[in-house]
Structure formats: structure tokens, C-alpha cells
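The lines below spell out each chain.
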Amino acid sequence: MRGFSSPNSPFSRKVRVVAIETGQADAIDWTVVDLGGPVPALEATNPMGQVPVIVTGDGEALYDSAVICEYLDSRHDGPRLFPAGGEARWEVLRLQALGDGLGAASAALAGERRRPEERRFQPFADNQSGKIARALARLEHDLAALEGTLTVAPIAAACAIGYMELRDCRPGWRDRHAGLADWYDRFAGRPSMRATAPPPQAG
């Protein structure tokens with residue numbers, strides 16, 4: 001398989017972590033792209049021009065990260081990161097969506113902050129900050145569900161928190177959510193997380 005990713009994207013990182021955790025790290029030949037401008041090869045596989053994308057051996061392009069992660073989970077023989085059904089599945093999918101939402105709000109806020117100050121739209125930035133605050137509070141509330149057997153849920157949450165910290169989107173969050181911060185530090189020590197950590201100054 002081949003794929004497109006960005007070095008700092010929490011969604012690219014989530015897929016790369018899942019690939020490692022399912023023993024498929026070498027199954028994807030990644031092309032790292034700069035999303036600062038058009039990327040024709042990426043746009044040819046994903047009309048939205050967003051990462052991550054993978055192209056299967058059959059030539060089928062898959063996106064977004066949730067779809068790719070479940071696809072990868074269907075291809076290995078180990079414990080599943082996506083429960084097959086029942087309440088456990090809905091809980092994991094809900095928490096994955098929460099983690100992805102945190103990543104999206106952090107990316108949106110970081111993007112707004114990169115605009116020249118006179119062109120920033122403060123109500124938009126405030127809205128994203130509110131989403132981040134509520135997501136962190138809910139993740140702390142649901143902390144027990146992130147512990148124990150590995151699923152895609154803690155992977156999504158940890159990758160989003162890592163990006164949020166990289167972009168300094170929520171200063172002081174560790175003081176407000178000490179339990180979540182402790183969990184994140186422990187989870188970030190997994191080999192798959194260390195191997196996919198973005199460069200400190202990634203663009």
C-alpha cells in the first residue's frame with residue numbers, strides 16, 4: 001500500500017500508530033506532503049486534498065483516518081482495536097469521534113492563529129477554544145474507558161492531545177486535568193507513540 005501523510009497531522013499520526021500496533025508499519029509506503037499549497041498527487045486520491053489517505057493494493061483510495069484505521073484493523077490477526085459489536089463498539093466509536101473532534105478543533109485554532117492578526121476572526125477562535133475545553137473535560141470524565149485493553153479510542157485521544165500541546169492550544173490544561181495529563185504521559189510512552197511523534201517545529 002502507499003499513503004499520504006503530514007508530519008504534524010494528528011489524523012496521520014493516528015493511522016501510523018494503528019499501523020504499528022497492528023504489525024503493519026512496513027505495509028504502507030508513506031509520502032509526506034506539505035499542505036501549505038496544492039498537492040496534485042494527493043488531490044488525485046482524495047478530492048478533499050486532506051491527509052491521511054492510503055491506496056490499497058487494488059488501487060482503492062481510502063480516507064479519512066477513521067475509515068483507514070478500521071480497514072487496517074480488519075487486516076491483522078491480533079486483538080481488535082474496534083470491537084465487533086454491542087455497547088463496547090459504540091463506546092469506542094464515540095471516544096474516537098471525541099478525540100478526532102479535539103484534533104480538528106486544535107487544528108482549526110492553530111490555523112486561525114497563523115493568520116495575520118488584523119485578519120483573525122476572534123469569535124471563530126473562541127468557538128474552537130470552547131470545543132477544546134469541553135473535549136478535554138469529557139475525556140477526563142471518561143478516563144476509565146481509555147485505560148485497559150487497547151482500542152482506537154485512546155490512540156485518537158492521545159494523538160489529538162499531542163497535537164494540541166504541539167500548537168499550545170490550551171495553556172494550563174495539565175493543571176485543570178491532572179488525571180488526563182497523567183494518562184497521556186503514560187500512553188505517550190508507548191513505542192508506537194514515540195515512533196510517530198512529530199518534530200517540535202513541524203509545519
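We now turn to the structure provided with this report.

Scoring rules and cut-offs
- Residues numbered from 1 in each chain as written.
- Predicted model: local features only at pLDDT ≥ 70, side-chain atom pairs only at ≥ 80, totals over all residues.
- Heavy atoms only, no water.
- Axes fitted to C-alpha atoms, helices over the stretch in contact; angles between N-to-C directions.
- Helix = DSSP H or I, 4+ residues; strand = E, 2+ residues; numbered from the N terminus.
- Parallel < 35°, antiparallel > 145°, perpendicular 65-115°, else oblique.
- Contact = heavy atoms within 4.5 Å.
- Pairing = 2+ DSSP bridges.
- Salt bridge = Lys/Arg side-chain N within 4 Å of Asp/Glu carboxyl O.
- Buried < 20%, exposed > 50% of the residue type's maximum accessible area, 1.4 Å probe, protein only.
- Right-handed = clockwise from strand over helix to strand, strands pointing away.

On to the packing of helix α1 (residues 10-21) against helix α4 (residues 86-114). At a minimum axis distance of 9 Å, the contact between α1 and α4 shows a crossing angle of 140°. One finds that α1 runs oblique with respect to α4. Only Q96, D100, G103 and A104 of α4 make contact with α1, whose side of the interface consists of P10, F11 and K14.

As a further point, take unusual backbone geometry. At the junction of V51 and P52, the peptide bond is cis and its omega measures out at 0° in the coordinates. Mapped onto the elements of the fold, P52 is located in the loop between α2 (40-45) and β3 (53-55). Cis rather than trans, the peptide bond between Y63 and D64 has omega equal to 5°. On the secondary structure map, D64 appears in the loop between β4 (61-62) and α3 (65-73).

Before going further, it helps to spend a moment on the sheet that holds β4. Within a sheet, neighbouring strands are paired by backbone hydrogen bonds and run either parallel or antiparallel to one another. One open sheet holds the four strands; their spatial order is β2-β1-β3-β4, and the pairing between them is mixed. Unpaired on one side and paired on the other, β2 (29-32) and β4 mark the two borders of the sheet. Bridge analysis of β3 against β4 gives two bridges, and the strand direction is antiparallel. Within β4, the position partnered with I54 by the bridge is L62.

Tracing the chain through its elements places E112 in helix α4. When near neighbours in sequence (up to four residues on either side) are disregarded, E112 contacts R119, R120, F121, F124 and A125.

Pairs may arise between side chains of opposite charge once their charged atoms sit close together. Tallying each qualifying case throughout the model produces eleven salt bridges. Here D100 makes a salt bridge to K14, at a shortest N to O gap of 3.0 Å. Here the residue D100 occupies a position in helix α4, and K14 occupies one in helix α1, the gap between them amounting to 86 residues. The partner of R186 in a salt bridge is D182, with the nearest N and O atoms 3.2 Å apart. Remark: D182 and R186 occur in helix α9 (residues 178-187); sequence separation between them is four residues, near one turn of the helix. A relative accessible area of 43% places D182 in the partly exposed class. Bridged by salt links that share partners, the residues E91, R94, R138 and D142 form one connected network.

Here we come to the pairing of strand β1 (residues 2-5). Of the pairings in the sheet, the one linking β1 to β2 comprises four bridges and is parallel in character. Its bridge partner being in β2, S5 is matched across the sheet by V32. The parallel pair β1 and β2, bridged by α1, forms a crossover whose chirality is right-handed.

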